[in-house]
Amino acid sequence: LIMSSFDAISNNHNFVLAEEDVCKLWDGPSLMHIQNKLALERGDKEYTFYDGPPFATGLPHYGHILAGTIKDTVTRFAAQTGHYVERR
């Protein structure tokens, strides 16, 4: 048997309390907020991503999903490689 690093869940697990704990976690400061604060404190280089209007070519379509995915991927990569990326 392979031992897991996770704690075993008892048969008497209180899912209501677990849900309340998760809700408290989400109500706290976001991970992106903390990451941006740390990047500013470290003096990371700023990365600016200029984004155009949301639907410049008319009604939304599948091409907008691709553009949104690329924008998300590029800015996440910049943040993970030591840049400060302001998110709005």
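Above: the structure in question.
Looking only at helices and strands, one finds three helices and two strands in the protein. The C-alpha atoms of the protein give 20 Å as radius of gyration, which overshoots the globular expectation for 88 residues (12 Å, by more than 25%). With the principal axes as the frame, the protein shows a C-alpha extent of 55 × 40 × 35 Å. In the protein, buried positions account for 11% of the 88 residues. Put simply, 68% of the contacts in the protein that link residues at least 6 apart link residues at least 24 apart. Carbon and sulfur atoms make up 62% of the accessible area of the protein, which amounts to about 8200 Å² in all. Across the protein, the centroid of the 8 positively charged side chains sits 8 Å from that of the 11 negatively charged ones.

A surface patch of nonpolar side chains, about 400 Å² in accessible area, is lined by Val 22, Leu 25 and Trp 26. Residue position: Leu 25 is located in helix 1 (residues 15-27). The exposure class of Leu 25 is exposed, given its relative accessible area of 64%.

Over its 12 residues, helix 2 (residues 31-42) runs 16 Å from end to end, which matches the ideal 16 Å to within 8%, given 1.5 Å per residue. With its phi angle positive at about 80 degrees, Gly 43 sits one or two positions after the end of helix 2.

Overall, the coordinates contain two salt bridges when judged by the stated rule. With its nearest N and O atoms 2.7 Å apart, the salt bridge here joins Asp 44 to Arg 42. Its relative accessible area of 55% is what places Arg 42 among the exposed residues. Between Arg 76 and Asp 72 there is a salt bridge, and its shortest N-O distance comes to 2.9 Å. Within this pair, Arg 76 and its partner Asp 72 are both found in helix 3 (residues 62-80), separated by four residues, close to a single helical turn. According to the relative accessible area criterion, Asp 72 is partly exposed, its value standing at 35%.

We now examine the environment of Gln 80. Its location among the elements puts Gln 80 in helix 3. A sequence separation of 45 residues divides Gln 80 from Gln 35, and the C-alpha atoms of the two residues are 9.7 Å apart.

Analysis parameters
- Residues numbered from 1 in each chain as written.
- Predicted model: local features only at pLDDT ≥ 70, side-chain atom pairs only at ≥ 80, totals over all residues.
- Heavy atoms only, no water.
- Helix = DSSP H or I, 4+ residues; strand = E, 2+ residues; numbered from the N terminus.
- Rg over C-alpha atoms; globule rule 2.2 N^0.38 Å.
- Buried < 20%, exposed > 50% of the residue type's maximum accessible area, 1.4 Å probe, protein only.
- Contact = heavy atoms within 4.5 Å.
- Areas by Shrake-Rupley, 256 points an atom, 1.4 Å probe, with all protein chains shown as cover.
- Lys, Arg positive; Asp, Glu negative; His and termini not counted.
- Charge placed at Lys NZ, Arg CZ, Asp CG, Glu CD.
- Patch = residues over 30% accessible without salt bridge, like charges linked within 9 Å, V, L, I, M, F, W, Y side chains within 5 Å.
- Salt bridge = Lys/Arg side-chain N within 4 Å of Asp/Glu carboxyl O.
- Expected span 1.5 Å × (residues − 1).

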